[in-house]
Amino acid sequence: MEMNENPDNDSEGLLQLEKQSAVSYLAQQWAKKYLQNVELNYFYEHKQDALNFKKVVSLEGRKRTAQKLIDSLRTVSLQAWNKTEALLSEEIKRHRIDPKLINPWEITADSFGIYEQALHLYIQQQSSHDLPTPIPAVNRENSLSERIQQIQAQSFVSTQMAKIISTSVCLLRQKYTQKDPRVIGFVSMQFHYTNLGLLQTLSPLEKTVLGSYLKVIDDHLYMPLQRVYDAAADHDYNSHVLTAVQKLLPVSTQIANKICQKIIDLYPNYHSQSGLLSEPLVRLSSIRDVEMFQVYLWVCSLEGSVNAIQQELFPLCAMLYPRLKVQWELIRCMLHLLQQEICQHLNTKQANTLMPYLQVLWHMFSPQVFGELIL
């Protein structure tokens, strides 16, 4: 065996592999969350319904569910755009957005294509691989977390499916943020209303199974996850900021749940446009928004710049939140709770990589900026 005459090449190659490994880890962890959520929801909400669950995730069950959604997709897509336009049409003039960038036919067609792809992958998944059957039995030696790990190990194709969808959605996101990041607000609401319309056609058990896959689409539109992965690739494997993001990503939904529950407790009678914060659909949207703020915080920390907040997050919030009757006091409360959670999950060096950008958010969403809109 010949010795490599240039050890620097070996070191550089190893460093690149470490960086690729770190980025792959972030992408895989995000995808795995959806599989875990499917099974966690199932065990908590349908403990006695294992047989029906097996039917729903069978090949024939998936075909029936997917066909039901494909049949209603065109009508739901058109209804979704009508709702989006009713919600945001005035914002085009108020925020001086170029109307030419808001093409309803293109946005509707693009969203239709993403859902069609997701549903076809949903059917193919079962024919390619045998998903969680049978459901692992409950016993003292076999904890819920262990059963989840077993199901995840059997569901590699599901993880791949989530990654394929997320790639398509990230490309769509790049397309619509290229000229004016605020356009993604219209696209996101189109997908949001389409999600709600499609879920209304499903049974409770179908919602549990398919809802998490639809959430992949929703999240990747609202959150610049590809930007996180790209920025992570520029960091050393053991950098404090990359380690911080690696620690926070797997628990970001858990953090968001905890923060939302505290806000619900603090504001039990608060109504957004969609209803009480404690109502299931409003709570889901709130959890997604808290995750969105976390992802933008990671982007800024990894990029070492406030551009993502200044150019994208803040303008989107300024456009969408007043229309959705989300008041700024709730955002301030959320940011305060988020700081507490970050400090609990990270050591001081790791947390310090995020705090400057959290302070930027704190000052941007301050009473001095939105004093007249405080609760």
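Residues numbered from 1 in each chain as written. Predicted model: local features only at pLDDT ≥ 70, side-chain atom pairs only at ≥ 80, totals over all residues. Heavy atoms only, no water.

## Considering the overall build of the chain
- Helix and strand counts for the chain stand at 17 helices and 2 strands.
- Across the 375 residues of the chain, 52% fall into the buried class.
- In the chain, the share of contacts with a sequence separation of at least 24, taken over all contacts with a separation of at least 6, comes to 83%.
- Accessible surface computed for the chain: about 18,300 Å², of which carbon and sulfur atoms make up 52%. (Helix = DSSP H or I, 4+ residues; strand = E, 2+ residues; numbered from the N terminus. Buried < 20%, exposed > 50% of the residue type's maximum accessible area, 1.4 Å probe, protein only. Contact = heavy atoms within 4.5 Å. Areas by Shrake-Rupley, 256 points an atom, 1.4 Å probe, with all protein chains shown as cover.)

## Focus on the pattern of salt bridges
- For the coordinates displayed, the defined rule picks out 12 salt bridges.
- Ionic pairing is found between Glu 106 and Lys 175, a salt bridge with its closest N-O pair at 2.8 Å. Residue Glu 106 is located in helix α4 (residues 104–128), and its partner Lys 175 is located in helix α6 (residues 156–177); the two are separated by 69 residues in the primary sequence.
- Classification of Glu 106 as partly exposed rests on a relative accessible area of 32%.
- Lys 175 gets classed as partly exposed once you look at its relative accessible area, which sits at 37%.
- We note a salt bridge from Lys 258 to Glu 341, for which the minimum N-O separation is 3.3 Å. With Lys 258 in helix α11 (residues 252–266) and Glu 341 in helix α14 (residues 328–345), this pair connects stretches of sequence that are 83 residues apart.
- When its relative accessible area of 2% is taken as the criterion, Glu 341 is described as buried.
- Through salt bridges with shared partners, a single ionic network connects Glu 90, Glu 91, Arg 94 and Arg 323. (Salt bridge = Lys/Arg side-chain N within 4 Å of Asp/Glu carboxyl O.)

## Comments concerning the nonpolar core
- Counting residues in each nonpolar core, the largest one holds 110 residues, and the members touching the most others are Ile 217, Ile 263, Phe 293, Ile 331, Ile 342, Leu 361 and Phe 365.
- The greatest single-element share of this core, amounting to 12 residues, is contributed by helix α12 (residues 280–303).
- Ignoring sequence-local partners within four residues, the contact set of Ile 342 consists of Leu 297, Ala 351, Leu 354, Met 355 and Leu 358. (Core = buried A, V, L, I, M, F, W, Y, C linked by side-chain atoms within 4.5 Å.)

## Comments concerning α11
- The end-to-end C-alpha distance of α11 is 21 Å, a good match for the 21 Å that 15 residues give at a rise of 1.5 Å each.
- Of the residues making up α11, those classed as buried are Ser 252, Thr 253, Ile 255, Ala 256, Ile 259, Cys 260, Ile 263 and Ile 264. Looking straight down α11, one finds its buried side chains confined to an arc of 170°; they lie on one side. With respect to the buried face of α11, the exposed residues turned more than 90 degrees away are Gln 254 and Asp 265. (Expected span 1.5 Å × (residues − 1). Arc of directions from axis to C-beta.)

## Details of the side chain of Asn 195
- With respect to the helices and strands, Asn 195 occurs in helix α7 (residues 183–199).
- A polar side-chain atom of Asn 195 sits 2.6 Å from a polar atom in the side chain of Tyr 115.
- Once you skip the residues sitting within four places of it in the chain, Asn 195 turns out to touch Tyr 115, Leu 214 and Asp 218. (Polar contact = N/O pair within 3.5 Å; in protein donor to acceptor, adjacent residues only side chain to side chain.)

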